[in-house]
Amino acid sequence: VAGQSYSAIEFIIVDGASTDNTLNIIERNSEHITTWVSEVDEGISDAFNKGYELSSGDYILYLNSDDKLHDKNAIESIVMDAVANDIPKAIYGDCNVLNRGTGEVRYLASIEFEPELFLKGKMIPHPSLLLHRSYFEKYGLFDTSFSVAMDYELFLRGFLNEWVFHSKVLVTDVRDGGVSTKHQATSVDEIIKALVKNSFIQRGFKEKKLRLTYFIRSVARRIITFFRD
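Keep in mind that what you see is a predicted model, and the values were worked out from it rather than measured.

Asker: Which residues make up the overall build of the protein, and what are the values?
Answerer: Per the secondary structure count, the protein includes nine helices and eight strands. For 229 residues, the compact-globule estimate of 2.2 N^0.38 gives 17 Å, and the protein sits close to it at 18 Å. Counting all 229 residues of the protein, 40% fall into the buried class. At a minimum sequence separation of 6, the contacts of the protein that also span at least 24 residues come to 70%.

Okay, structure coming up:
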């Protein structure tokens, strides 16, 4: 973040009261950090909300602890794309998914936003998404009752009503095996919970059909991963 060519960046760190070397690292790099907080929180959603409340910029990008910006021009390039396309409520780029052990690139996540598939749980890459402040003002913050699919639930509130723009900029490098991957059952439960909460489905037949889709998709992903590795 400190090495970005784009200078108008607020670099905000929200730490959940770490007891390792995190605070020392923050203090050593304080000249690059706009503000930071380290305190016990109620999970990822709560931390995301704190980050938003500490910010004042037009766009918010959540860079999690496993993630890094791809190169020094990542933010400048996607911001230029946002300006050239009339400041969409949501603009997202691509991201490299890295092998957690070796750091090698496993594949490029370049995903088109398709409303029909989105309503079946297909997500765009959150680590490469810039969400405009006006989106939060209109649709609210992250629901802290979600521990994994909080981003999906927030997007469900407005993405079908707003312009979601896919930029071809490679924004982030992320390691595989994140929270949603480690807790797949919880992720599926919360995706369905989000769809029910926002009145896209009701409990019953559609829920069971969707769960079957996720099961088939999970098996297919394991097979693909096996042969890719």
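Asker: Describe the nonpolar core, and please don't skip the residues or the numbers.
Answerer: Of all hydrophobic cores here, the largest spans 32 residues; its most connected members are Leu-129, Leu-131, Phe-136, Tyr-152 and Phe-159. For this core, the elements supplying multiple residues, two or more each, are helix H2 (44-54), strand S5 (90-98), strand S7 (129-132), helix H5 (133-139), helix H6 (150-158), helix H8 (184-197) and helix H9 (205-228). Setting aside its immediate chain neighbours within four residues, Phe-136 contacts Tyr-52, Ile-60, Tyr-62, Leu-131, Leu-141, Phe-142 and Leu-154. Among the nonpolar cores identified, the runner-up in size contains 12 residues, and Leu-69, Ile-78, Val-169 and Val-171 belong to it.

Asker: Can you lay out the pattern of salt bridges for me, pointing to particular residues and giving the numbers?
Answerer: In total, this model carries 10 salt bridges according to the counting rule given. Taking the shortest distance from any N to any O, the salt bridge between Glu-162 and Lys-138 comes out at 2.8 Å. With Glu-162 in the loop between H6 and strand S8 (164-175) and Lys-138 in helix H5, the pair connects residues that are 24 residues apart, well separated along the chain. Glu-162 gets classed as buried once you look at its relative accessible area, which sits at 18%. Note on Lys-138: relative accessible area 54%, which makes it exposed. The shortest N-O distance in the salt bridge between Glu-153 and Arg-157 comes to 2.6 Å. Of this pair, Glu-153 and Arg-157 both sit in helix H6, separated by four residues, roughly a single helical turn. Exposure class is identical for Glu-153 and Arg-157. Each is buried. In this structure, a network of salt bridges that share partners links the residues Asp-143, Glu-153, Arg-157 and Lys-197.

Asker: I'd like a description of the pairing of strand S1 (residues 12-15), backed by residues and values.
Answerer: The side-chain alternation of S1 yields one buried face, formed by Ile-13 and Asp-15, and one unburied face, formed by Ile-12 and Val-14. The pairing of S1 with strand S2 (residues 35-38) spans four bridges and is parallel. Bridging across to S2, Val-14 finds its partner in Val-37. As a crossover connection, the stretch from S1 through helix H1 (residues 22-28) into S2 is right-handed.

Asker: Describe in detail the layout of surface pockets, supporting the description with residues and values.
Answerer: When its volume is computed, the second largest pocket comes out at roughly 270 Å³. Lining the second largest pocket are 10 residues, with Leu-119, Lys-120, Ile-201, Lys-206 and Leu-210 sitting closest to its centre. The element contributing the most residues to the lining of the second largest pocket is H9, with five residues. Here the residues of the lining of the second largest pocket are counted per class, giving six nonpolar, one polar and three charged.

Asker: Lay out empty space enclosed by the protein with the relevant residues and their values.
Answerer: Applying the stated criterion to the full structure yields one cavity of 30 Å³ or more. Considering only enclosed or pocket space, the largest cavity measures out at about 30 Å³ in volume. Together, Ile-111, Glu-112, Phe-113, Glu-114, Leu-117, Phe-118, Lys-122, Met-123 and Ile-124 line the largest cavity. Taken together, the residues of the lining of the largest cavity break down into six nonpolar, no polar and three charged.

Asker: How would you summarise unusual backbone geometry if you had to cite specific residues and measurements?
Answerer: Phi is positive for Ile-87, which is not a glycine, with a value near 50°. Relative to the assigned elements, Ile-87 resides in the loop between helix H3 (74-84) and S5. According to the relative accessible area criterion, Ile-87 is partly exposed, its value standing at 39%. The backbone of Ser-199 shows a phi angle near 65°, a positive value even though the residue is not glycine. Turning to its location among the elements, Ser-199 is positioned in the loop between H8 and H9. Since its relative accessible area comes to 65%, Ser-199 is described here as exposed.

Conventions adopted
Within every chain, residues take consecutive numbers counted from 1 along the sequence as written. Residue-level local features of this predicted model are given only where pLDDT is at least 70; pairs of side-chain atoms are given and counted only at 80 or more, and the full residue set underlies all totals for whole chains, interfaces and linings. Side-chain measures were taken over the full set of non-hydrogen atoms in the model, leaving aside hydrogen atoms and water. Numbering of helices and strands runs from the N terminus, with a helix taken as a DSSP run of H or I at least four residues long and a strand as a DSSP run of E at least two residues long. When we talk radius of gyration, it's over C-alpha atoms, and the globule rule is simply 2.2 Å times the number of residues to the 0.38. When accessible area is computed with a 1.4 Å probe and restricted to protein chains, residues below 20% of their type maximum are described as buried, those above 50% as exposed, and intermediate ones as partly exposed. By definition in these notes, contact holds between two residues if any of their heavy atoms fall within 4.5 Å. We define the nonpolar core as a collection of buried residues of types Ala, Val, Leu, Ile, Met, Phe, Trp, Tyr and Cys that are connected through side-chain atoms lying within 4.5 Å of one another. In the sections that follow, a salt bridge refers to a side-chain nitrogen of Lys or Arg positioned within 4 Å of a carboxyl oxygen of Asp or Glu. Paired strands are those between which DSSP finds at least two bridges. Looking down the strands as they point away from the viewer, one classifies a crossover as right-handed if the path from the first strand across the helix to the second runs clockwise. Think of a 1 Å grid over the protein atoms and nothing else: a 1.4 Å probe that fits but is trapped marks a cavity, an open set flanked by protein within 12 Å on at least five of seven lines marks a pocket, and residues with an atom within 4 Å of a point count as lining. Grid points are joined across faces, edges and corners, and a volume is the space filled by probe spheres set on the points. For this scheme, ten residues count as nonpolar: Ala, Val, Leu, Ile, Met, Phe, Trp, Tyr, Cys and Pro. Four count as charged, namely Asp, Glu, Lys and Arg, and the remainder, Gly too, count as polar.

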